[in-house]
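If you want the building blocks of each chain, they are given just below.
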Amino acid sequence: MSKGLLHHIELYVSNLEKSLEFWGWFLQELGYSSFQKWDRGQSWRLGETYIVFVQAEERFLDIQYHRCRVGMNHLAFYAESRVHVNKITKILESKGINILYKNKHPFAGGYNHYAVYFEDPDRIKVELVAP
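Since the model is a prediction, treat every value here as computed from it, not as a measurement. Residue positions within a chain follow its written sequence, with the count starting from 1. Only residues with pLDDT of 70 or above have their local features reported here, since the model is predicted, and side-chain atom pairs are shown and tallied only from 80 upward, although totals for entire chains, interfaces and linings are computed over all residues. Derived side-chain values reflect all non-hydrogen atoms in the structure, with water molecules and hydrogen atoms excluded from consideration.

Novice: Sorry, what's going on with the sheet that holds strand β4 (residues 49-55) here?
Specialist: Adjacent strands of a sheet pair through backbone hydrogen bonds, lying either parallel or antiparallel. Strand order in the open sheet formed by four strands is β1-β4-β3-β2, and the pairing between neighbours is mixed. Edge positions in the sheet fall to β1 (8-13) and β2 (33-38), since each of these pairs with one other strand and no more. Sheet twist, expressed as the average angle between the axes of neighbouring strands with direction ignored, equals 15°. Contacts were defined at the residue level, with two residues in contact if any of their heavy atoms lie within 4.5 Å. Only the stretch in contact is used when fitting a helix axis, every axis being a line fitted to C-alpha atoms; angles between N-to-C directions are given from 0 to 180 degrees. Numbering of helices and strands starts at the N terminus; helices are DSSP runs of H or I of at least 4 residues and strands are runs of E of at least 2. Seen against the sheet, helix α1 (residues 16-29) touches β1, β3 (41-46) and β4 and runs at an angle of roughly 165° to β4. Two strands pair under a simple rule: DSSP has to find at least two bridges between them.

Novice: When you look at the side chain of Gln-55 in this model, what are you seeing that I'm missing?
Specialist: Considering the arrangement of structural elements, one finds Gln-55 in strand β4. A polar side-chain atom of Gln-55 sits 2.9 Å from the main-chain carbonyl oxygen of Ser-14. Within the structure, Gln-55 has its side chain in polar contact with the backbone nitrogen of Leu-16 (distance 2.7 Å). Dropping the residues within four chain positions of it, Gln-55 is found in contact with Tyr-12, Val-13, Ser-14, Asn-15, Leu-16, Arg-40 and Leu-61. Counting of polar contacts relies on pairs of N or O atoms within 3.5 Å, with two restrictions inside protein: one atom must be capable of donating a hydrogen and the other of accepting it, and residues adjacent in sequence are counted only when both atoms are side-chain atoms.

Dropping the structure here:
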């Protein structure tokens with residue numbers, strides 16, 4: 001056991017198909033591999049940690065997610081390098097994915113923080129930061 005490390009993260013999404021399309025390539029780029037699949041969800045694993053995406057039930061879709069409400073603000077992942085951040089930024093742009101804080105990119109987190117910020121289909125903020 002690795003005391004204190006995250007075991008897994010489970011995210012309920014409004015449109016599983018869109019979320020899997022969005023997250024699949026990104027997580028694979030970071031070294032995750034497909035772990036589990038079922039009718040209403042899928043997970044990816046890296047080492048002992050995995051991320052799960054589950055289709056939210058229709059009855060819970062009436063209130064959209066917003067990162068500024070109580071709850072999770074964003075997920076941040078380590079990139080391999082600044083070059084890796086640049087590569088992912090170009091892929092995001094080619095896919096038409098909105099880059100957040102574009103006027104400050106890649107230093108939106110400060111002069112010593114090289115990262116790209118973007119949103120998934122449910123507008124969950126994602127950050128990829130160079131070590």
